[in-house]
Amino acid sequence: MVIKRLLIFTLITLFISTFAFAQEKKDNNPSFKFTKEQPVQQMKPKKPLRIKVHRNSKGEYSWDITGDNVDEIIKADTRLKKLLKIE
């Protein structure tokens, strides 16, 4: 009878200690919930176009457009032509 009690006590203690170590190991595993966050990238603001409008003695307009983006320069040129009704 004493041997049965000792055996049951040993098995229960072994089961509890195994469960406790497994739970502790699971909590300390850093790859279990590992996510890499992407840093926030700063966006550079667009440089504005520089437009210099000139008017000659005949009343005709001309302009100089400078900037980094070619598409924006073309859009500004066509808009100026439309506004000033130059063909």
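What counts, and where the lines are drawn
Residues numbered from 1 in each chain as written. Predicted model: local features only at pLDDT ≥ 70, side-chain atom pairs only at ≥ 80, totals over all residues. Heavy atoms only, no water. Helix = DSSP H or I, 4+ residues; strand = E, 2+ residues; numbered from the N terminus. Buried < 20%, exposed > 50% of the residue type's maximum accessible area, 1.4 Å probe, protein only. Areas by Shrake-Rupley, 256 points an atom, 1.4 Å probe, with all protein chains shown as cover. Patch = residues over 30% accessible without salt bridge, like charges linked within 9 Å, V, L, I, M, F, W, Y side chains within 5 Å. Salt bridge = Lys/Arg side-chain N within 4 Å of Asp/Glu carboxyl O. Expected span 1.5 Å × (residues − 1). Polar contact = N/O pair within 3.5 Å; in protein donor to acceptor, adjacent residues only side chain to side chain. Pairing = 2+ DSSP bridges. Contact = heavy atoms within 4.5 Å.

1. Focus on the overall build of the protein chain
When you go through the protein chain residue by residue, the secondary structure sums to 2 helices and 2 strands. Written out in order from the N terminus, the α and β elements of the protein chain read α-β-β-α. Evaluated residue by residue, the protein chain yields a buried proportion of 5% over its 87 residues. Accessible surface, the protein chain: about 9300 Å² in total, of which carbon and sulfur atoms supply 60%.

2. Some details on a nonpolar patch on the surface
Together, I51, V53, Y61, L83, L84 and I86 give the surface a local cluster of nonpolar side chains, amounting to about 500 Å² of exposed area. Counting only elements with at least two residues in the nonpolar patch, the list comes to strand 1 (50–55) and helix 2 (70–84). Along the chain, Y61 falls in strand 2 (residues 61–66). For Y61, a relative accessible area of 36% translates into the label partly exposed.

3. Section: helix 2
Its 15 residues place the ends of helix 2 21 Å apart at the C-alpha level, agreeing with the 21 Å of an ideal helix rising 1.5 Å per residue. Where helix 2 begins, one side-chain oxygen reaches toward the backbone nitrogen of D71, 3.1 Å away; that side chain belongs to N69.

4. Side note on the pairing of strand 1
Taken together, the 6 bridges between strand 1 and strand 2 define a ladder with antiparallel strand orientation. When the bridges of strand 2 are listed, V53 appears paired with W63. Hairpin geometry of strand 1 and strand 2 is characterised by an intervening segment of 5 residues between the two adjacent antiparallel strands and by a positive phi of about 90 degrees at G59.

5. Here's the deal with the pattern of salt bridges
Working definition: two side chains of opposite charge can pair if their charged atoms are close together. Going through the model one piece at a time under the given rule, you end up with 2 salt bridges. With a closest N to O distance of 3.9 Å, D68 and K47 form a salt bridge. Residue D68 is located in the loop between strand 2 and helix 2, and its partner K47 is located in the loop between helix 1 (2–27) and strand 1; the two are separated by 21 residues in the primary sequence. Each of the two residues, D68 as well as K47, counts as exposed. Ionic pairing is found between D77 and K81, a salt bridge with its closest N-O pair at 3.5 Å. Of this pair, D77 and K81 are both found in helix 2, 4 residues apart, which corresponds to roughly one turn of the helix. Exposure remark for D77: the relative accessible area of 23% places this residue in the partly exposed category.

6. Comments concerning the environment of L84
Turning to its location among the elements, L84 is positioned in helix 2. Using a relative accessible area of 31% as the deciding quantity, one classes L84 as partly exposed. As for L84 and E60, which are separated by 24 residues in sequence, their C-alpha atoms are 9.4 Å apart. Not counting residues up to four positions away in its chain, the partners in contact with L84 are Y61 and W63.

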